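# Reading the structure
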Amino acid sequence: MSGSQGVSALCENPTEVFLEVSKLLITYADNILRNPNEEKYRSIRIGNTTFSTKLLPVKGAVECLFDMGFEEAETHLVFPKSASVERLRQVRETIAAERDQRLGASKVASNPQSARVTPSPAPIPPSTPSAGPECAAAPPTPAPAALPFTASSVSFLRTLQSNFQHVIIYESPALQKKALSCIPHELLKSRAKERLKQANDADPACSLSEEDMLVLDLLQWFKGEFFSWVDSLPCSRCGGRTQTSGSLPPSNDDLRWDAGRVENHYCQTCHLSTRFPRYNNPEKLLESRRGRCGEWANCFTLCCRALGLEARYIWDSTDHVWTEVYSHSQHRWLHCDPCENACDKPLLYEVGWGKKLSYILAFSKDQVVDVTWRYSCKHPEVLSRRTQIQETWLLHKLNELNTMRQQSLGPERKKELMQRLVVELVEFISPKTPQSGELGGRISGSLAWRAARGETGASNAKWDTEECVFIPSESEKQTKLFHICYNVAKDCYIRVSNGQETLSGWQRGAWRKENMFRKEELDWQMVYLARTEGSFSGRISWKFDCASVGMKIKSASVKAFSQTFHSGSVHWSLHSTQTTIEFPGDGELHSAASLSGGTELIVEAELKGGDGDVSWQHAQLFRQSLEETEKVLFELRVEMEQS
C-alpha cells in the first residue's frame, strides 16, 4: 500500500465503508482491464449518482482513481489511452488484497469457532510519563481498557503524532527569521494600523487590536501576492498544459525536504513528465511558494509564527488543512484559511462547501485540541460519523500527548492553556448560526476538482452578501456633490467629496461581487481586478443611494478602464430604478444625463470569456503598473439636488 497514497487513505475508513467502496473501485478497474478498447468504461461522470453518493464522500476513494491513472476533465474523470494499464492493475490488486483480508476477518468475527489460534499483534504501548496533576491539559479521563488495535486506529494515532511533532518546526528561530525576510512585515503592519484606525472611526467601541488587523492583511498578502495554487504544472519544455498521471519516485533532494510523494504532470504534446514534489518542509515552501491546501497551510502557519502570532495547524480528516490564530483582544482562536483568504468563518466548510465533517484537530507547539465542534452547526450528524476511533480513547490520547508536551512549561503557561481550553469547551457546547460570509463554495482549485469533491456550494452563481452602499454624508449633502475614486495600486477608495476620506480594500467599497479578486503580478509589476480562477464569469458593482437624505440625482458621470485579451470580454453598465445605460471601459469620463431625477445609481462590470486555463486573466479591470500609485482608473461623480 505504500505505493498508493489513495489506498492508504481508503484503508483508514471503517471496514463496512471500505468494503462497499472497494467493490466499486475494483469494478471500475475490471471494466477497463476486460474491455480495454471500450471508451465507455474509460469515463466516469462526476454527476453519476453512484459516484457522487458512494465514492465522493469517502476519504481516499477519488484519490484511488487518480492513483489508477484517471484524470479530471470538466464533467468526468477519464482514463486516457496513455495511462499505464499496469499501474491500474497494481492499484486494483492492492485494494483487492486488503478487501480479501477484511472479508476474511469479517467471517472469523461472525463465526469465532472457525478461527485459528494466531498470535495477536502487539498493541502500541501507551506512554505513561510521571507528571503531577498540573501538567494535564484537560481534566484526567480514565484510560480505555485497551487500545483498539485496527488499521484505522493505528493510522489515526500516527496522524496525531506526526502532526504534533511537525508543528515544532515552526518554532525554529532560524526558520522564523528566513520567513520574516520573505514577508513585507513593515508594510503589513502599516496597513493593519490604517485598517484599525478605520474600524475605530466607524465604531468607537471597537475592541479589536492591531494584531487582529495584521492577520487580515497577512491573509490577503499571502493569497494575493506570495503563494500560488497548483492544479497542474505547465510543461517544463513547451509550457503547455499537463495532466496528472500517477506518481514518480522521490529523489534524495525531494526526501531531504520531506517530499515523499512526487506527482507526475505529463505533457501529451512533448511526451515529457514534469515533476511536482509535494514538499512538507515549510523552509522549502518559502522558496517554491506553490502547492495545494497542505502546502498553503504549512507555509502560512510558519509566517504567522514569524510575525509573533500564536498560531496552530488545523487538520481535517475529510481532506483539508488550514490555520487558527489566537486573538488576545477577543480571547479566542480565529479560523484562518489562506487558500480562501477567509478569517473567522468556521462554518465555511460544512455550510458553504457542503463537507461531511467528522474529526478536526488543532496542533500547536504546546497543545493538541479536538476543535471539530467549532466548525459544525450539525453536531448530531457529525457525532454519528465519528466511528473511526473510540471517543474515550481519543480523549485519553489527547490528554496523554498534552501531558508529555507540557512537562517543560512553567505553571503560568499551563494555567493559561487550561483557561483557553475551558473557554473553547464552553464555545463548543452551542452550535453556531451560519453567517453570510460562510455560505459560499470553495474558490481554490480547478472547477472540476471542486465539483468532484462536492465543494462548489449550493449554487453556481452567488453574490457575496457583504454589501456596501454609499450614502451622502452631511458635508456631501451641503455641497450637493458625491465624488469617489478607486486606486487599484494602493487598493483603496478615495472619497474626494468627503475630505479625501480613504477606504482600504476593493471589497469594502463594492456593493456586490461574485467570483472576483485582486491580482498582483510581481514579475510584471502589474495589478488589476479579475475573476477567480475556474469561474465562468465574474461580476462586481458599486451602489450610490441618496433617497434617505432627501436628495435626488441632478447629473452623473463615470470613468472606468478595462482591458481584454483573446476572447475575454468586459460589459459595463449604469443602472437606476428606471434606466440601464451601457458604456465602454475606455478610461474616458461618460455622462449619464438620463439618470437625472433618480435617487440611486449602480455601476456594474461583468467579466466573461477568455481562452484556456488562464481565461480568467483575459478580462481585467483597472490594469496598471504597481509603480503608478497616483493613477486612478475608476471614478464616479454625482451632482445632487433637493428632492
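One structure accompanies this document, and this report is about it.

Rules used throughout
Residues numbered from 1 in each chain as written. Predicted model: local features only at pLDDT ≥ 70, side-chain atom pairs only at ≥ 80, totals over all residues. Heavy atoms only, no water. Helix = DSSP H or I, 4+ residues; strand = E, 2+ residues; numbered from the N terminus. Buried < 20%, exposed > 50% of the residue type's maximum accessible area, 1.4 Å probe, protein only. Contact = heavy atoms within 4.5 Å. Areas by Shrake-Rupley, 256 points an atom, 1.4 Å probe, with all protein chains shown as cover. Pairing = 2+ DSSP bridges. Salt bridge = Lys/Arg side-chain N within 4 Å of Asp/Glu carboxyl O. Phe/Tyr/Trp six-rings, centres within 6.5 Å; stacked < 30°, edge-to-face > 60°. Expected span 1.5 Å × (residues − 1). Core = buried A, V, L, I, M, F, W, Y, C linked by side-chain atoms within 4.5 Å. Arc of directions from axis to C-beta. Axes fitted to C-alpha atoms, helices over the stretch in contact; angles between N-to-C directions. Parallel < 35°, antiparallel > 145°, perpendicular 65-115°, else oblique. Nonpolar A, V, L, I, M, F, W, Y, C, P; charged D, E, K, R; others polar.

Next up on the list: the overall build of the protein. If you tally the helices and strands in the protein, you get 19 helices and 29 strands. Within the protein, the fraction of its 643 residues that count as buried is 50%. Here the analysis covers contacts within the protein between residues at least 6 apart in sequence; of these, 69% occur between residues at least 24 apart. Split by element, the accessible area of the protein, about 29,400 Å² in all, is 52% carbon and sulfur.

Sheet architecture is open: six strands sit in the order 12-11-10-9-13-14, paired in antiparallel fashion. Two strands close off the open sheet at either side, each with one partner strand: strand 12 (342-343) and strand 14 (368-370). Summarising the sheet, strand 10 (residues 320-327) and strand 11 (residues 332-337) pair through five bridges and their orientation is antiparallel. Bridge assignment links Thr323 to a residue of strand 11, and that residue is Cys336.

Moving on, we get to the pattern of salt bridges. Using the criterion set out here, one finds 47 salt bridges in the structure. The shortest N-O distance in the salt bridge between Arg312 and Glu424 comes to 2.5 Å. In this pair, Arg312 is assigned in strand 9 (residues 311-316) and Glu424 in helix 16 (residues 411-429), connecting sequence segments 112 residues apart. The pair Arg312 / Glu424 is uniform in exposure class, with both members buried. The residue Arg374 makes a salt bridge to Glu324 at a minimum N-O spacing of 3.0 Å. With Arg374 in the loop between strand 14 and helix 14 (379-385) and Glu324 in strand 10, this pair connects stretches of sequence that are 50 residues apart. Glu324 carries the same exposure label as Arg374, and that label is buried.

Burial runs high along strand 27 (residues 600-608): seven of the nine residues are buried. Bridge count between strand 22 (residues 538-545) and strand 27: eight bridges; the pairing is antiparallel. Among the inter-strand pairings, Asp545 is bridged to a residue of strand 27, identified as Glu600.

The next subject is the packing of aromatic side chains. Scanning the model with the defined rule gives 31 aromatic pairs in all. For the pair Trp229 and Trp296, a centre-to-centre distance of 6.3 Å together with 50° between the ring planes defines the contact as tilted. Residue Trp229 is found in strand 4 (residues 228-229), and its partner Trp296 is found in helix 12 (residues 293-306); the two are separated by 67 residues along the sequence. Trp296 shares its class with Trp229; the two are buried.

In this section: the pairing of strand 21 (residues 526-531). The element strand 21 is largely enclosed, with a buried count of six among its six residues. Side-chain alternation along strand 21 places Met526, Tyr528 and Ala530 on one buried face and Val527, Leu529 and Arg531 on a second face that is also buried. Sheet topology note: the strand 20 (residues 516-521)/strand 21 ladder contains six bridges and is antiparallel. By the bridge assignment, Glu520 is partnered in strand 21 with Val527. Here three bridges tie strand 21 to strand 28 (residues 619-625), and the two strands are oriented antiparallel to one another. Each bridged residue has a counterpart across the sheet, and for Leu529 the counterpart in strand 28 is Leu621.

Between its terminal C-alpha atoms helix 2 (residues 15-34) stretches 27 Å, which fits the 28 Å expected from 20 residues at 1.5 Å a residue. Among the residues making up helix 2, those that are buried are Phe18, Leu19, Val21, Ser22, Leu25, Ile26, Tyr28, Ala29, Asp30 and Ile32.

Moving on to the nonpolar core. If you look at the biggest cluster of nonpolar residues, it comprises 58 residues, and the most contacted ones within it are Leu160, Leu218 and Phe222. Of all the elements, helix 12 adds the most residues to this core, at nine residues. With near-sequence residues (within four places) excluded, Leu218 lies in contact with Ile183, Leu188, Phe300, Cys303, Cys304, Leu307 and Leu309. Formed by 43 residues, the second largest nonpolar core is a distinct cluster that contains Ile484, Cys546, Leu574 and Leu595.

Now for the side chain of Arg386. Along the chain, Arg386 turns up in the loop between helix 14 and helix 15 (391-405). When residues no more than four places from it in sequence are discounted, the contact partners of Arg386 are Ser358, Tyr359, Asp370, Thr372, Trp373, Glu391 and Leu394.

A few words on helix 7 (residues 173-182). Since there are 3.6 residues in each turn of an α-helix, residues three or four apart along the chain are aligned in direction. Within the sequence span of helix 7, burial applies to Leu175, Gln176 and Ala179. Looking straight down helix 7, one finds that the buried residues subtend no more than 100° of arc, so they occupy a single side. Exposed and oriented more than 90 degrees from the buried face of helix 7 are Pro173, Ala174, Lys177 and Ser181.

Attention now goes to the packing of helix 7 against helix 12. The N-to-C vectors of helix 7 and helix 12 enclose an angle of 95°; their axes lie 9 Å apart at closest approach. The orientation of helix 7 with respect to helix 12, classified from their angle, is roughly perpendicular. Contact residues: helix 7 offers Leu175, Gln176, Ala179 and Leu180, while helix 12 offers Leu302, Arg305 and Ala306. Along the lines of polarity and charge, the residues of the contact of helix 7 with helix 12 split into five nonpolar, one polar and one charged.

This part covers the environment of Ser84. In this structure, Ser84 sits in the loop between strand 3 (76-78) and helix 5 (85-110). Residue Ser84 is classed as partly exposed on the basis of its relative accessible area of 39%. As for Ser84 and Ser245, which are separated by 161 residues in sequence, their C-alpha atoms are 8.7 Å apart. Once residues lying within four places of it in the same chain are set aside, the contact partners of Ser84 are Met68 and Phe79.

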